[in-house]
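Examination of the molecular architecture
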Amino acid sequence: MHANTHHLEELESEAIYVLREVAAQFEKTALLFSGGKDSIVVSYLARKAFFPAKIPFALMHIDTGHNFGETITYRDEWVKKIDARLIVRYVQDSIDKGRVKEETGYNASRNLLQTVTLLDAIEELKLDACIGGARRDEEKARAKERFFSHRDEFGQWNPKNQRPELWDLFNGKKNIGENFRVFPLSNWTELDVWQYIKDENIPLPSIYFSHNREVVSRDGQLLAKSPFLKLRDTEKYEERIIRFRTIGDMSCTGAVESTASNIDEVIEEIAASRVTERGTRADDKRSEAAMEDRKKAGYF
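This is a predicted model, so every value here is computed, not measured. (Residues numbered from 1 in each chain as written. Predicted model: local features only at pLDDT ≥ 70, side-chain atom pairs only at ≥ 80, totals over all residues. Heavy atoms only, no water.)

Here's the deal with the overall build of the chain
If you tally the helices and strands in the chain, you get 8 helices and 10 strands. By residue count, 56% of the 300 residues in the chain fall in the buried class. Pairs at least 24 residues apart make up 72% of the contacts formed inside the chain by residues separated by at least 6 positions. (Helix = DSSP H or I, 4+ residues; strand = E, 2+ residues; numbered from the N terminus. Buried < 20%, exposed > 50% of the residue type's maximum accessible area, 1.4 Å probe, protein only. Contact = heavy atoms within 4.5 Å.)

Some remarks on the sheet that holds strand β8 (residues 221-224)
Note on sheets: strands pair through backbone hydrogen bonds, and any given pair is parallel or antiparallel. A barrel is described by the order of its strands in space; here 4 strands give the closed sequence β7-β8-β10-β9, paired in antiparallel fashion. Averaged over neighbouring strand pairs, the angle between their axes works out to 70 degrees when direction is ignored. When β8 meets strand β10 (residues 254-257), the two strands line up antiparallel, connected through 2 bridges. Along β10, the bridge assignment pairs leucine 222 with alanine 255. (Pairing = 2+ DSSP bridges. Axes fitted to C-alpha atoms, helices over the stretch in contact; angles between N-to-C directions.)

Here's the deal with the packing of helix α1 (residues 6-25) against helix α6 (residues 190-200)
Two elements in contact, α1 and α6, have axes whose closest approach is 11 Å; the angle formed by their N-to-C orientations is 95 degrees. With respect to α6, the axis of α1 lies roughly perpendicular. On the side of α1, the interface is formed by His7, Leu8, Leu11 and Glu12, while α6 contributes Asp192, Gln195, Tyr196, Asp199 and Glu200. A class-by-class count of the residues in the contact of α1 with α6 yields 3 nonpolar, 2 polar and 4 charged. (Parallel < 35°, antiparallel > 145°, perpendicular 65-115°, else oblique. Nonpolar A, V, L, I, M, F, W, Y, C, P; charged D, E, K, R; others polar.)

A few points about the environment of valine 216
Counting through the fold element by element, valine 216 comes out in strand β7 (residues 211-218). Overall, the relative accessible area of 1% leaves valine 216 in the buried class. Placed 39 residues apart in sequence, valine 216 and alanine 255 show a C-alpha to C-alpha distance of 10.0 Å. If we ignore the near neighbours within four places in the chain, the residues touching valine 216 are Gln221, Leu222, Leu223, Leu229, Leu231, Glu235, Lys236 and Tyr237.

Comments concerning the pairing of β7
Here 5 bridges tie β7 to strand β9 (residues 238-243), and the two strands are oriented antiparallel to one another. Pairing of arginine 213 across the sheet is with arginine 240, part of β9. What sits between β7 and β8 in their antiparallel hairpin is a turn of 2 residues, with aspartate 219 showing a positive phi close to 50 degrees.

Some thoughts on the nonpolar core
Membership of the largest hydrophobic core comes to 55 residues, with the highest contact counts inside it found for Leu19, Val41, Leu45, Trp188 and Trp194. The greatest single-element share of this core, amounting to 8 residues, is contributed by helix α2 (residues 37-50). Dropping the residues within four chain positions of it, leucine 19 is found in contact with Val42, Leu45, Ala46, Ala49, Phe50, Phe57, Ile131 and Pro184. Core analysis: the second largest hydrophobic core is formed by 16 residues, Ala30, Val100, Leu113 and Leu119 among them. (Core = buried A, V, L, I, M, F, W, Y, C linked by side-chain atoms within 4.5 Å.)

Regarding the packing of aromatic side chains
Considering all chains together, one arrives at 7 aromatic pairs under this definition. With a centroid separation of 5.8 Å and an interplanar angle of 20 degrees, the aromatic rings of tyrosine 74 and tryptophan 78 are classed as stacked. Residue tyrosine 74 and its partner tryptophan 78 are located together in helix α3 (residues 69-81), separated by 4 residues, close to a single helical turn. The two residues tyrosine 74 and tryptophan 78 agree in class, both being buried. Here tryptophan 188 and tyrosine 196 contribute two aromatic rings whose centre-to-centre distance is 5.2 Å and whose plane-to-plane angle is 85 degrees, an arrangement assigned as edge-to-face. With respect to class, tryptophan 188 is no different from tyrosine 196; both count as buried. Through a chain of ring-to-ring contacts, the aromatic side chains of Tyr44, Trp188 and Tyr196 assemble into a single cluster. A cation over a ring is seen here: lysine 230 above tyrosine 106, with NZ or CZ 5.0 Å from the ring centre. (Phe/Tyr/Trp six-rings, centres within 6.5 Å; stacked < 30°, edge-to-face > 60°. Lys NZ or Arg CZ within 6 Å of the ring centre and 35° of its normal.)

Some points on the pairing of strand β3 (residues 86-90)
Here strand β2 (residues 58-63) runs beside β3; their pairing, made up of 5 bridges, is parallel. Bridged to histidine 61 within β3 is valine 88.

Focus on the pattern of salt bridges
Summed over the entire model, instances satisfying the criterion amount to 19 salt bridges. In this structure, arginine 245 and glutamate 190 form a salt bridge, with 2.7 Å as the shortest nitrogen-oxygen distance. Taken together, the residues span a long stretch of sequence, with arginine 245 in the loop between β9 and β10 and glutamate 190 in helix α6 at a distance of 55 residues. Summarising the burial analysis for this pair, arginine 245 and glutamate 190 share the class buried. (Salt bridge = Lys/Arg side-chain N within 4 Å of Asp/Glu carboxyl O.)

Below, the structure written as structure tokens:
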């Protein structure tokens, strides 16, 4: 790491400390892995935290079935590269079992449905902690999170019932059926993540960088062409030079017009941006408190 990145060294040290606390305090843990840059960095830090031993918990992907192909290809290659175990649970299975109902209409998405798949996986695998890549700067509901974020026996989050974390003391005590979400990157910003990726030379899915893609402009969002998107009569796909700042369900993850084709250009672009990365997510625009409502229901 470069000599002028003392700030990043402190963030890295803090995240590694949190990951080791998870290993010490919990028996059954999974690292929630989406193939997005934040979960990639968390898994990279986990590799660093426990090296030369293997990462002591599996990576778990809740697969909506509406992923970018580049994300799934990257996921499988990355898991091999860091010598990790991968668990995949599918939203389609939840639909087939009648646990959730597929949305219909032009704004249909499976993003909400993955909460049930996740909660079912936590119960099935008896997980007492799930590690996520959320950061406090992403969205106002996420700014309320602690490093150790308590969830009740229904998997639900109450922002008013979280524990103080003075002097980096984390309280992982819980009752049977309860669990924690743990966020090692809480104090990182989007720019910190990108700078760390650059300094550590961490590979990323290609869609984070500029490329040609067919998109449709809908309500201020540029949505990628996919079989999961239903066009209105007035809409049509057009080719644009774009990249993605965040990766999720294809039906709700918006692109940004960009010519940033390498990490230095991306960092320069983000430093000048006045729109948060989740400003490109249609699922966050469903209501003023969309993210907080999803988190209270058990979302990541």
